[in-house]
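# Coordinate inspection notes
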Amino acid sequence: MGICGKSPETTVLQDLLVFQIKGISQYAHRARQLGEVDAEVNYQTLKCLFVTLTNVNFDDNEHYRLIKLLGKTTLRARHLYEEACQKQSLRPVQLQGAAAWQPPDNNAEIAEYAMTISLLKKLQGGDKDIIGLQELLTYGIKGLAAYAHHAEVLGYRDGAICAFVHEAMDYLTEPEQRAEDLLAYCLKAGQVNLRVMELLDQAHTETFGHPQPTAARTTYVPGKCILVSGHDMKALHELLKQTEGTGINVYTHGELLPALGYPKLKEYKHLVGNFGTAWQNQVKEFDMFPGAIVMTTNCLKPPSGEYRDRLFTIDAVGFDGIAKVQEYDYSQAIKIALDSPGFTSEQEPHYINVGFGHDAVLGVADKVIEGVKSGAIRHFFLVGGCDGAEFARNYYTDLAEKMPTDCLILTLGCAKYRFNMQEFGQIGDLPRLLDLGQCNDSYSAIKIAGALASAFDCTVNDLPLSIVLSWLEQKAVAVLLTLLHLGIKDIRLGPSLPAFVTPTVLAQLTEAYGLRPIDTPERDLAVILGK
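Notes on the structure in this doc start here. (Residues numbered from 1 in each chain as written. Predicted model: local features only at pLDDT ≥ 70, side-chain atom pairs only at ≥ 80, totals over all residues. Heavy atoms only, no water.)

A word on the overall build of the protein chain. For the protein chain, the count of helices and strands is 19 helices and 16 strands. Here the C-alpha radius of gyration of the protein chain, 23 Å, is about what a compact globule of 531 residues would show, namely 24 Å. For the C-alpha atoms alone, the extent of the protein chain along its principal axes is close to 70 × 60 × 40 Å. Here the protein chain holds 531 residues, and 60% of them are scored as buried. In the protein chain, of all internal contacts separated by at least 6 residues, the share reaching a separation of at least 24 is 76%. Averaging the positions of the 48 positive and the 63 negative side-chain charges in the protein chain gives two centres separated by 0 Å. (Helix = DSSP H or I, 4+ residues; strand = E, 2+ residues; numbered from the N terminus. Rg over C-alpha atoms; globule rule 2.2 N^0.38 Å. Buried < 20%, exposed > 50% of the residue type's maximum accessible area, 1.4 Å probe, protein only. Contact = heavy atoms within 4.5 Å. Lys, Arg positive; Asp, Glu negative; His and termini not counted. Charge placed at Lys NZ, Arg CZ, Asp CG, Glu CD.)

Here is the structure:
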């Protein structure tokens, strides 16, 4: 059974990558306790976890290469640990399981072994509640690792991040694991992800400036063109530098829409706007785009033959037979763009507002506070997260449309595409819809909520604020764990709950945090607004 368009083979190879990282963590965690850390071990830990996220990498050959690379990384971590023991005259523990496994040269043998340690194999036996919590923790770790990798490529890192990843993954190798310990690790993952999102916010704002409220064009203009999708601001910036003066227009797609609000990126006049919507529509949208396409992160869908020759991946992203950009050298993508027809006409202009990060929103905090005090703003809704193709996700469109006009909508992530092309009007001088940015810009939402709670001398849970999340992949799980770590209650989650959240675990989270599945927009609004 494959997952999210991946083949069964790719799925188990990703399980094997996670298994190897557990083995690396057994050594790295113990070495760190003895005062020894290795930057290369840390880097490969985060990057290879990122590879295993939903819709990032479908290339089996790249997986086999990474599995063999992680075999060498395991030996590197083992050597680090054994040297640390030698320095302190300690006898190293002879670790077994994942720490002891080394990949054979033969790929078929690797694939055969991967089947024996796969998640599917694990699900055939064992305590479902324990397995569910293990997967909740693993998903959270994968999500925060992806965010940490985004920060690291911009030169921002924090050793405490990998320290936690290695500690938690080491715990996941223990023969006996208790539900209460796993839940505690999940909440700690949320705490660490808060730091990761803070670090990534720092990386983005110090490199590109604080986002500014911006009218972003969502229609095309004449000219040669390149489309950039995903989340990676550095990858976009490097492309903008290399295409300046070439006559090529650059468009964002998906979660790179917020890039149009960053001052440093806005300086490039050939960054002309956004084309398309959320990731699940990319096959149709990429087919329509008359230029080169660069996928910088998730979510990649298996491409159609119509645009395969115009599609490029970079960094952790991969697909069999698709060209990969190395060392930010976009020369081939630029050549494809120049050889492609580009847009030959101008589409009727249409603009939407982006750039409402924490700096921009807190800059008008007095207006927000006055709006609440005067009754002009009745309630805040944070509606965001991941989008997807399921019909049930129309809930988020309906919810936004049915909200009373005295409610302010904050949004982030690609779930915004369920309603961000619509006009919601204003409350006083404030747009009713404030786009905070990418999914990692949940950090902005947290800062804004904290500032409002301080202004009203109450807790975040006492604010007229409701959080309605749309989940799909591991980054959304990391954000959810951060909110739970902060003690945020009464979060609504949909369109369905993760399969690994068992009834027992859900009951625990409901009792402790009021976490609940979405209902209908009408019933949820009635409950939230007290009607």
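What follows is about the side chain of histidine 231. If you trace the backbone, histidine 231 turns up in the loop between strand 2 (224-229) and helix 9 (233-243). Given the relative accessible area of 4%, histidine 231 is considered buried. At a separation of 3.1 Å, a polar atom in the side chain of histidine 231 contacts the main-chain carbonyl oxygen of asparagine 298. Aside from chain neighbours lying at most four places away, what touches histidine 231 is His150, Glu255, Leu256, Thr296, Thr297, Asn298, Gln438, Cys439 and Lys475. (Polar contact = N/O pair within 3.5 Å; in protein donor to acceptor, adjacent residues only side chain to side chain.)

Attention shifts here to the packing of aromatic side chains. As enumerated under the stated definition, the model contains 19 aromatic pairs in all. Here the aromatic rings of tyrosine 220 and phenylalanine 343 are separated by 4.1 Å at their centres, their planes lie at 5°, and the arrangement is stacked. In this pair, tyrosine 220 sits in the loop between strand 1 (214-217) and strand 2 while phenylalanine 343 sits in the loop between helix 12 (331-339) and strand 8 (351-354), placing the two residues 123 residues apart along the sequence. One aromatic cluster in this structure is built from Tyr220, Tyr251, Phe275, Phe289 and Phe343. Directly above the ring of tyrosine 328 sits lysine 234, whose terminal nitrogen or CZ lies 5.0 Å from the centroid. (Phe/Tyr/Trp six-rings, centres within 6.5 Å; stacked < 30°, edge-to-face > 60°. Lys NZ or Arg CZ within 6 Å of the ring centre and 35° of its normal.)

So, about the nonpolar core. Leu137, Phe164, Ile226, Tyr251, Leu265, Leu436 and Ile491 are the most contacted members of the largest nonpolar core, which has 169 residues in total. In contact with isoleucine 491, other than residues within four places in its own chain, are Ile467, Leu469, Leu480, Leu483, Leu484, Gly514, Leu515 and Arg516. Ranked by size, the runner-up nonpolar core spans 17 residues in total, among them Tyr395, Ala400, Ile409 and Ile528. (Core = buried A, V, L, I, M, F, W, Y, C linked by side-chain atoms within 4.5 Å.)

We now examine the sheet that holds strand 9 (residues 379-385). Here we have six strands laid out as an open sheet, ordered 13-10-9-14-15-16, and parallel in their pairing. The outermost strands of the open sheet, each flanked by one partner alone, are strand 13 (433-437) and strand 16 (516-517). For strand 9 and strand 14 (residues 465-470), the ladder comprises six bridges, and the chain directions are parallel. Counted as the bridge partner of glycine 385 is serine 470 from strand 14. The sheet strands contacting helix 15 (residues 394-402) are strand 9, strand 10 (407-412), strand 14 and strand 15 (492-494), and the helix crosses strand 14 at an angle near 155°. (Pairing = 2+ DSSP bridges. Axes fitted to C-alpha atoms, helices over the stretch in contact; angles between N-to-C directions.)

The terminal C-alpha atoms of helix 8 (residues 179-208), which comprises 30 residues, lie 42 Å apart, in line with the 44 Å expected from a rise of 1.5 Å per residue. One or two positions beyond helix 8, positive phi appears at glycine 209, with a value near 90°. (Expected span 1.5 Å × (residues − 1).)

Let us now look at the environment of isoleucine 336. Position of isoleucine 336 among the secondary structure elements: in helix 12. Each C-alpha atom, one on isoleucine 336 and one on glycine 371, is 51 Å from the other, the two residues being 35 residues apart in sequence. Here isoleucine 336 is in contact with Ala292, Asp309, Arg310 and Phe312, once residues within four sequence places are set aside.

The next point concerns the pattern of salt bridges. As enumerated under the stated definition, the model contains 25 salt bridges in all. For arginine 178, the salt bridge is made with aspartate 181, and the minimal N-O distance between the two is 3.0 Å. The class of aspartate 181 is partly exposed, set by a relative accessible area of 24%. Lysine 241 serves as the salt-bridge partner of glutamate 238, at 3.1 Å between the closest nitrogen and oxygen. (Salt bridge = Lys/Arg side-chain N within 4 Å of Asp/Glu carboxyl O.)

Attention now moves to the packing of helix 6 (residues 128-153) against helix 7 (residues 159-171). Across the interface, helix 6 lies against helix 7 with an axial gap of 11 Å and an inter-helix angle of 155°. Judged by the inter-axis angle, helix 6 sits roughly antiparallel to helix 7. The two elements helix 6 and helix 7 meet at a crossing, and its hand is left-handed. Mapping the contact onto sequence places Leu137, Ile141, Leu144 and Ala148 in helix 6 and Ile161, Phe164, Val165, Ala168 and Met169 in helix 7. Looking at the contact of helix 6 with helix 7, its residues break down into nine nonpolar, no polar and no charged. (Parallel < 35°, antiparallel > 145°, perpendicular 65-115°, else oblique. Left-handed = near helix turned anticlockwise from the far one by under 90°. Nonpolar A, V, L, I, M, F, W, Y, C, P; charged D, E, K, R; others polar.)

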